[in-house]
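# Observations on the model geometry
Residue-level listing of the chains:
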Amino acid sequence: MLRVGIVGAGIRGTMYTRALREVPGIEVAGIADPADRAAERARDELGVQVYPSHRELFDRERLDAAIVATPDHTHRAPAVDAARAGLHLLVEKPLATSTEDAEAIRDAVRGAGVECMVAFENRWNPSFVRAREAVASGEVGDVLTQSARLSNTYFVPTRMLSWAGSSSPGWFLMTHIADLALWFSGHEPTRVYATGLRRELRARGVDTWDAIHALVTFDDGSVASLESLWVLPDSMPSIVDFKYQIVGSRSAVFVDQQDQMSWQAGEQFVFPRTLLLEVDGRPQGFSTWMAQSFARRLIGGERLEPTVEDGLRVTRLIEAVHRSLDSGSPESIGPQG
Ligand SMILES: NC(=O)c1ccc[n+]([C@@H]2O[C@H](COP(=O)([O-])OP(=O)(O)OC[C@H]3O[C@@H](n4cnc5c(N)ncnc54)[C@H](O)[C@@H]3O)[C@@H](O)[C@H]2O)c1
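Treat the numbers as computed from the prediction; the structure is a model and nothing was measured. (Residues numbered from 1 in each chain as written. Predicted model: local features only at pLDDT ≥ 70, side-chain atom pairs only at ≥ 80, totals over all residues. Heavy atoms only, no water.)

Only one face of strand β16 (residues 282-285) is covered, namely the face carrying P283 and G285; the face carrying R282 and Q284 is uncovered. Pairing geometry for strand β15 (residues 276-279) and β16, over four bridges, is antiparallel. The partner of L276 across the bridge, within β16, is G285. The hairpin turn running from β15 into β16, its antiparallel successor, is two residues long, and D280 in that turn takes a positive phi close to 60 degrees. (Buried < 20%, exposed > 50% of the residue type's maximum accessible area, 1.4 Å probe, protein only. Helix = DSSP H or I, 4+ residues; strand = E, 2+ residues; numbered from the N terminus. Pairing = 2+ DSSP bridges.)

As structure tokens, then:
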């Protein structure tokens, strides 16, 4: 039996615990969370042993792997400590909110010779799996331009995440579409120019970017336009708006993830989630499939993907986006390595 420890008992830590319980051969041995409410909920609702820190979890339980599901800016310490303890890893996206932290995680993973996967769950999302097949098979031809928008209503930064002021729509949202853009392109980004504004969220007590628009140039001359907002009105039919377009030399692919094939009109008009849900009392959907893929690959002794290098590449790109937001000028993205 492979034993996994989960660091962070919030929305994602709970999702991982439920998803892994469906996989024979793997066991969630314990969770770490310093917050009393999260720890209590994990004990009561998930029935798991909870520790106040990742160090105690790693010291007290005999683990094979760890999952880091803490707020965006706090992944470094638990990820580095897990790798140094010889544990295979799944780290939530973004791998880290600075290249320095991401490189420290990469170095610890390399030094310990453990496997590390970064949770870019859209690589398990059916629309993007199909899009990637269309690119890989040559149906799309050369990828010329990509255009993506992944945004949230105010609910996410003001009520869902207590730590939004330490992150941004760049780190929380744009990392997803940056990973997809790199995955579809297969080329390295060389330059980014970003603009944005900080006004409405700051006025509501969350000091971060309202909106970020970024233009990325790749080393083959192709381009991508990425947009992430945290200020969509709460009256939107879904808390997430997600559109993606790839235009190639032979065909184009269009994805709309907002309307998930189901509408409900009541007091409010909503798009219910159909891509992440329970069927037969069991969790389904692409985040669950990602977590279960991690478990099955660990059990099978296979390599884990997306890799720590993929996570580092995305962190470098989004860090350059923030540099450009601050400088008001295009920023080059340093050599990989
Ligand atoms: N892959 C995806 O699609 C996806 C989706 C949502 C969130 N995320 C990412 O997952 C991570 C967690 O997000 P969430 O929505 O679960 O947040 P959350 O706020 O619901 O949960 C985070 C938990 O971590 C705990 N925590 C804080 N510092 C800790 C520490 N040092 N050690 C242990 N626990 C600690 C908090 O008390 C909280 O319970 C974030 O990086 C977020 O961006 C990824």
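Turning to the site of the ligand, a few remarks are in order. Contacts to the ligand come from 22 residues, most closely from R12, D33, D72, E121 and W163. Residue H75 places a side-chain N or O atom 3.0 Å away from an oxygen atom belonging to the ligand. Interatomic distance of 2.9 Å between a side-chain N/O atom of K93 and an oxygen atom of the ligand. For the ligand, whose free accessible area comes to 850 Å², the fraction covered by protein is 85%. When the residues that make up the shell around the ligand are grouped by side-chain class, the tally is 11 nonpolar, five polar and six charged. Three or more residues apiece are contributed to the shell around the ligand by two domains, here domain 1 (2-122 + 284-306) and domain 2 (125-275 + 312-332). (Near = heavy atom within 4 Å. Polar contact = N/O pair within 3.5 Å; in protein donor to acceptor, adjacent residues only side chain to side chain. Areas by Shrake-Rupley, 256 points an atom, 1.4 Å probe, with all protein chains shown as cover. Nonpolar A, V, L, I, M, F, W, Y, C, P; charged D, E, K, R; others polar. Domains from an automatic or database assignment.)

The next subject is the sheet that holds strand β12 (residues 252-256). In spatial order, the strands read β12-β11-β7-β10-β9-β8-β17; together these seven strands make up an open sheet with mixed pairing. Two strands bound the open sheet, and with one partner strand each, they are β12 and β17 (331-332). Two elements, strand β7 (residues 143-152) and strand β11 (residues 240-248), share nine bridges in a ladder whose sense is antiparallel. Bridging across to β11, A148 finds its partner in Y244. Strand contacts of helix α8 (residues 169-185): β7, β8 (189-197), β9 (211-218), β10 (223-229) and β11, with the helix running at about 155 degrees to β7, the strand carrying the most contacts. (Contact = heavy atoms within 4.5 Å. Axes fitted to C-alpha atoms, helices over the stretch in contact; angles between N-to-C directions.)

Its location among the elements puts Q146 in strand β7. Here Q146 falls in the buried class, since its relative accessible area comes to 3%. One polar contact links the side chain of Q146 to the main-chain carbonyl oxygen of A181, over a distance of 3.0 Å.

Let us look at the pattern of salt bridges. Between side chains of opposite charge, a pair can form as their charged atoms come close. Applying the stated criterion across every chain, the model contains 28 salt bridges. For the salt bridge of R3 with E27, the shortest nitrogen-to-oxygen distance reads 3.6 Å. Placement of R3 in strand β1 (residues 2-7) and of E27 in strand β2 (residues 26-32) is noted, with a sequence separation of 24 residues between them. The closest approach of N and O atoms between E115 and R303, which form a salt bridge, is 3.3 Å. Remark: R303 occurs in the loop between α10 (286-299) and α11 (308-327) and E115 occurs in the loop between α5 (99-112) and β6 (116-118); sequence separation between them is 188 residues. One network of salt bridges, in which partners are shared, links R123, D179, E188, D310 and R313. (Salt bridge = Lys/Arg side-chain N within 4 Å of Asp/Glu carboxyl O.)

This next bit is on the sheet that holds strand β4 (residues 65-68). If you trace the six strands from one edge of the open sheet to the other, you get β3-β2-β1-β4-β5-β6, paired in parallel fashion. Because the sheet does not close on itself, it has two edges, and the strands there are β3 (50-51) and β6. As judged from the six bridges shared by β1 and β2, these two strands associate in the parallel manner. Bridging from a neighbouring strand, R3 pairs with E27 of β2. On the sheet, helix α4 (residues 76-84) packs against β1, β4 and β5 (88-91) and is oriented at approximately 165 degrees with respect to β5.

Here the focus is a negative patch on the surface. A contiguous patch of negative charge, built from D36, E40, D44 and E45, is present on the exposed surface. One can find D44 in helix α2 (residues 36-46). In this structure D44 comes out as exposed when scored by relative accessible area, which is 59%. (Patch = residues over 30% accessible without salt bridge, like charges linked within 9 Å, V, L, I, M, F, W, Y side chains within 5 Å. Lys, Arg positive; Asp, Glu negative; His and termini not counted. Charge placed at Lys NZ, Arg CZ, Asp CG, Glu CD.)

Turning our eyes to something else, we now look at the packing of α4 against α5. Viewed as axis vectors pointing N to C, α4 and α5 meet at an angle of 10 degrees, and their least axial separation amounts to 8 Å. By the angle between their axes, α4 is roughly parallel relative to α5. Across from R76, A79, V80 and A83 in α4, the residues of α5 making contact are E100, D101, A104, I105, A108, V109 and A112. Taken together, the residues of the contact of α4 with α5 break down into eight nonpolar, no polar and three charged. (Parallel < 35°, antiparallel > 145°, perpendicular 65-115°, else oblique.)

So, to be careful, I would describe these as geometric facts and stop short of saying anything about function.
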